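# Fold and contact review
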Amino acid sequence: AGSDALLDTDLRRAYTGRIEGRAKITRLFLHVGASGYFNAAGYGASAVETQRAGLFAGASLGRIAYLTEVDDVRDMAAKSTHGYVAYNELSFVPLRGLQIAGTYEFQDPQMQIREDGLHRVGLDISWIPWPLIEIQCGARTIFADSQNPRNRLMDMVLVLHAFL
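Quick summary incoming for the structure in this document. (Residues numbered from 1 in each chain as written. Predicted model: local features only at pLDDT ≥ 70, side-chain atom pairs only at ≥ 80, totals over all residues. Heavy atoms only, no water.)

## A look at a nonpolar patch on the surface
Together, Ile64, Tyr66, Leu90 and Phe92 give the surface a local cluster of nonpolar side chains, amounting to about 380 Å² of exposed area. Elements supplying a minimum of two residues to the nonpolar patch: strand E4 (64–75) and strand E5 (82–95). Topologically, Tyr66 is positioned in strand E4. Owing to a relative accessible area of 35%, Tyr66 belongs among the partly exposed residues under this scheme. (Patch = residues over 30% accessible without salt bridge, like charges linked within 9 Å, V, L, I, M, F, W, Y side chains within 5 Å. Areas by Shrake-Rupley, 256 points an atom, 1.4 Å probe, with all protein chains shown as cover. Salt bridge = Lys/Arg side-chain N within 4 Å of Asp/Glu carboxyl O. Helix = DSSP H or I, 4+ residues; strand = E, 2+ residues; numbered from the N terminus. Buried < 20%, exposed > 50% of the residue type's maximum accessible area, 1.4 Å probe, protein only.)

Structure below.
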C-alpha cells in the first residue's frame, strides 16, 4: 500500500499486511491481492495516523507483463484528508537482463478538492549487466491543473542497485 513520505523517528508502531493469490492458465500468469498499512507517527499537533488499503493485480504472458494497483489513503488524525493513488505499468523484456516499462500514475491527495489531482507518465529502462547489479534509467512527467506548480514537471532518474 505504498511507503510513507515522512521520516518516522518516534517509537510508535506501524502495521502492514498483504494477501495475494496466484494462478497459471497455460502460459498466462495472474496474481491478485490486497494490502494494508497503518502508521501512527509524531505527537500532539504534528501527529499523523496514516491508513492505506489497496488492491493490486498483474498478468504476464511471455515477455510482456502488466501491473496495476489502487490505494485508498487517509490521515485519521486530520479527518478531512482522504485521497487515493493508482499505478499502472506495462513492461516488455526484449532480451534477458533488459526491461522497458511504461508507467501511468494518478494521485488525488484530497478528494474534496477538484483541482489537485496529478497524472504522471513515465518510461523506465532497467538493465542487469552482471548478477546482483541493476542500472535503472527513467523519465517521468507530471500533468496537473495549469495552476499547479508541478504541472509539466519532468523527473529524470538514474539508479544503481547493488543487491548484497
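## Re the sheet that holds strand E8 (residues 133–144)
The sheet built from 9 strands is open, its strands ordered E1-E2-E3-E4-E5-E6-E7-E8-E9 with antiparallel pairing. Among the strands making up the open sheet, the edge pair consists of strand E1 (14–25) and strand E9 (154–162). Adjacent strand axes in the sheet meet at a mean angle of 15°, parallel and antiparallel pairs treated alike. As paired strands, strand E6 (residues 98–108) and strand E7 (residues 118–130) are joined by 10 bridges and run antiparallel to one another. (Pairing = 2+ DSSP bridges. Axes fitted to C-alpha atoms, helices over the stretch in contact; angles between N-to-C directions.)

By themselves, these observations are geometric and do not establish any function.
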